[in-house]
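Residue strings, one per chain:
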Amino acid sequence: MGKIIMVASLKGGVGKTTVSAALSHALAKMGQKTLAVDMDFGVRSLDIALGHENSASPSCWDVMTGRASLGVAVESDSREENLFFISAPMNVDCTYDTTLTDRMFTSFLKNVKREYDFVLLDMAAGTGRLLDMASNSGEVDNITHI
């Protein structure tokens, strides 16, 4: 069973994405099967930090809401064999879109923990529904506040 690390901060521009990308690379280089998940639905920059900015794969939202399977949404990294990535959606405001339930979100976290040694959640700045869902899921093993 893998470990989930959530990288969060109340403030934007403090390096959450940089830490998420660097830690993901470091864990993968150590031989750990690592999944980096961009949970910043507003800014979406983990894809750029990891070199996946031209991705057309389904997003984590698609997986969490059952629109796509984990296997279809996950992209492998061409430079690091143990590094994998799922992008954030481009047009979902989860503050108002209640499609995603706590149960669906927790199920997503349980599934990725079964498949990967480490899962990095690069969260959006501030507080919000996804941060609350992750914090309350019981599945996050480490919360790194920056």
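Note that the structure is a prediction, hence the values are computed from the model and not measured. (Residues numbered from 1 in each chain as written. Predicted model: local features only at pLDDT ≥ 70, side-chain atom pairs only at ≥ 80, totals over all residues. Heavy atoms only, no water.)

### Digging into the overall build of the protein
So, point 1. Within the protein, the secondary structure is distributed over six helices and six strands.
So, point 2. What you see in the protein, going N to C, is helices and strands ordered as β-α-β-α-α-α-β-β-α-β-α-β.
So, point 3. Relative to the compact-globule value of 15 Å for 146 residues, the protein shows a C-alpha radius of gyration of 14 Å, a close match.
So, point 4. Dimensions along the principal axes, computed over C-alpha positions, put the protein at roughly 40 × 30 × 30 Å.
So, point 5. Going through the 146 residues of the protein one by one, you find that 50% of them count as buried.
So, point 6. Of the contacts formed within the protein by residues at least 6 apart in sequence, a portion of 78% connects residues at least 24 apart.
So, point 7. Carbon and sulfur atoms provide 49% of the accessible area of the protein, an area that totals close to 7,100 Å².
So, point 8. One way to put it: in the protein the 13 positive side-chain charges average out to a point 4 Å from where the 18 negative ones average out. (Helix = DSSP H or I, 4+ residues; strand = E, 2+ residues; numbered from the N terminus. Rg over C-alpha atoms; globule rule 2.2 N^0.38 Å. Buried < 20%, exposed > 50% of the residue type's maximum accessible area, 1.4 Å probe, protein only. Contact = heavy atoms within 4.5 Å. Areas by Shrake-Rupley, 256 points an atom, 1.4 Å probe, with all protein chains shown as cover. Lys, Arg positive; Asp, Glu negative; His and termini not counted. Charge placed at Lys NZ, Arg CZ, Asp CG, Glu CD.)

### A few points about the layout of surface pockets
So, point 1. Estimated volume of the largest pocket: approximately 210 Å³.
So, point 2. For the lining of the largest pocket, the leading source of residues is helix 6 (residues 129–136), giving three residues.
So, point 3. Grouping the constituent residues of the lining of the largest pocket by class yields nine nonpolar, five polar and three charged. (1 Å grid on protein atoms, 1.4 Å probe; cavity = no way out; pocket = protein on both sides within 12 Å on 5 of 7 lines; lining within 4 Å. Points joined across faces, edges and corners; volume = space filled by probe spheres on them. Nonpolar A, V, L, I, M, F, W, Y, C, P; charged D, E, K, R; others polar.)

### Focus on the pairing of strand 2 (residues 34–39)
So, point 1. Counting buried residues along strand 2, six of its six residues qualify, which places the element largely inside the surrounding structure.
So, point 2. In the sheet, strand 2 pairs with strand 4 (residues 83–86) via four bridges, with the strands oriented parallel. Pairing of Thr34 across the sheet is with Leu83, part of strand 4. (Pairing = 2+ DSSP bridges.)

### Some remarks on unusual backbone geometry
So, point 1. Its identity as a non-glycine residue notwithstanding, Arg44 has a phi of 50 degrees, on the positive side.
So, point 2. Take Arg44: its relative accessible area is 16%, and that puts it in the buried class.

### Describing the packing of aromatic side chains
So, point 1. Scanning the entire structure with this criterion turns up two aromatic pairs.
So, point 2. Positioned over the ring face of Phe84 is Lys33, at 5.9 Å from the centre of the ring.
So, point 3. Lying over the aromatic face of Tyr116, Lys33 brings its terminal NZ or CZ to 4.9 Å of the ring centre. (Phe/Tyr/Trp six-rings, centres within 6.5 Å; stacked < 30°, edge-to-face > 60°. Lys NZ or Arg CZ within 6 Å of the ring centre and 35° of its normal.)

### Notes on helix 6
Working note: α-helix, 3.6 residues per turn, so residues spaced by three or four point in the same direction.
So, point 1. Turning to helix 6, its buried residues number three or more, namely Leu130, Leu131, Met133 and Ala134. All buried residues of helix 6 project into a common sector of 165 degrees when viewed along the axis, lining one side.
So, point 2. In this structure, the buried residues of helix 6 make contact with strand 1 (3–8), strand 2, helix 5 (102–115) and strand 5 (118–123).
So, point 3. Directly after helix 6, the chain includes Gly138, whose backbone phi takes a positive value near 80 degrees. (Arc of directions from axis to C-beta.)

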